[in-house]
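These are the residues of each chain, in order.
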Amino acid sequence: MAPSPDQLREIFNLYDEELDGKIDGTQIGAVSRAAGLKVTNAQVNKAAGEEYKRVGQKRITFEEFLPMYEQLKGEKAQGGQADFVEGLKVYDKEECGRILGAEIRHALMALGERLTKDEVDEIMKGVEDGEGMVDYNNFVKKVLAGPFPDE
């Protein structure tokens, strides 16, 4: 469910570190994701433009953010569980529903919008069995549930 305008402003204000009614342009994606959008960095760059790529380069008001948020809200949602499971099946050579955790780590750090080692360690926490294997159906469910699945 999309946040109300008041809730969206409240989310925006959480990222206003200088308490001047503005956020840094590099936080457009973070605010949009906090508001429930599942957008890629490429989508954010397309909606915001190149001038918002460097920290401290440009600060924007809520009123300036709103049209960017609306554009991002209209973007096609990125893949669902079945899509991600299908993508991970490429690594399942034995067709047993499990793949090496090292292969997932490599894919997350080397392909697409690359994650850092610390980000990958956080995602992989508790998903590998004693043999270093990961049940990729459960892994995808865990990732899609987000960092606070019980909320």
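A quick note: this is a predicted structure, and the numbers were derived from the prediction, not measured.

Visitor: What is the right way to look at the overall build of the protein in this model?
Guide: Per the secondary structure count, the protein includes eight helices and four strands. Reading the protein from its N end, one meets helices and strands in the order α-β-α-α-β-α-α-β-α-α-β-α. Overall, the protein is about 55 × 30 × 25 Å in size when its C-alpha atoms are taken along their principal axes. A total of 151 residues make up the protein; the buried ones form 30% of that total. A separation of at least 24 residues holds for 61% of the contacts in the protein among residues at least 6 apart in sequence. Here the protein displays about 10,000 Å² of accessible surface, and carbon together with sulfur accounts for 53% of that area. Both charge centroids of the protein, one from 20 positive and one from 30 negative side chains, sit 3 Å from each other.

Visitor: Explanation requested: helix 4 (residues 62-73) in the structure shown.
Guide: Side chains of residues three or four places apart in an α-helix project in the same direction, reflecting 3.6 residues per turn. Under the 1.5 Å per step criterion, the end-to-end length of helix 4 is 16 Å for 12 residues, consistent within 8% with the ideal 16 Å. Those residues of helix 4 that sit buried are Phe 62, Phe 65, Met 68, Tyr 69 and Leu 72. Mapping the buried residues of helix 4 onto a view down its axis gives an arc of 120°, with all of them on the same face.

Visitor: Explain the packing of aromatic side chains here, please?
Guide: To describe a pair of aromatic rings, one takes the distance between the centres and the angle between the planes. Scanning all chains against the criterion turns up four aromatic pairs. Seen from their ring centres, Phe 12 and Phe 65 are 5.6 Å apart, and the 45° between their planes marks the pair as tilted. Here Phe 65 lies in helix 4 and Phe 12 lies in helix 1 (residues 5-14), a separation of 53 residues in the sequence. Each ring, one from Phe 65 and one from Tyr 69, has its centre 5.8 Å from the other, and the planes form 35°; the classification is tilted. Linking Phe 65 with Tyr 69, this pair stays in helix 4, spanning four residues, or about one helical turn. The residues Phe 65 and Tyr 69 share a single accessibility class, namely buried. Feature note: the residues Phe 12, Phe 62, Phe 65 and Tyr 69 constitute an aromatic cluster, connected by ring pairs.

Calculation criteria
- Residues numbered from 1 in each chain as written.
- Predicted model: local features only at pLDDT ≥ 70, side-chain atom pairs only at ≥ 80, totals over all residues.
- Heavy atoms only, no water.
- Helix = DSSP H or I, 4+ residues; strand = E, 2+ residues; numbered from the N terminus.
- Buried < 20%, exposed > 50% of the residue type's maximum accessible area, 1.4 Å probe, protein only.
- Contact = heavy atoms within 4.5 Å.
- Areas by Shrake-Rupley, 256 points an atom, 1.4 Å probe, with all protein chains shown as cover.
- Lys, Arg positive; Asp, Glu negative; His and termini not counted.
- Charge placed at Lys NZ, Arg CZ, Asp CG, Glu CD.
- Expected span 1.5 Å × (residues − 1).
- Arc of directions from axis to C-beta.
- Phe/Tyr/Trp six-rings, centres within 6.5 Å; stacked < 30°, edge-to-face > 60°.

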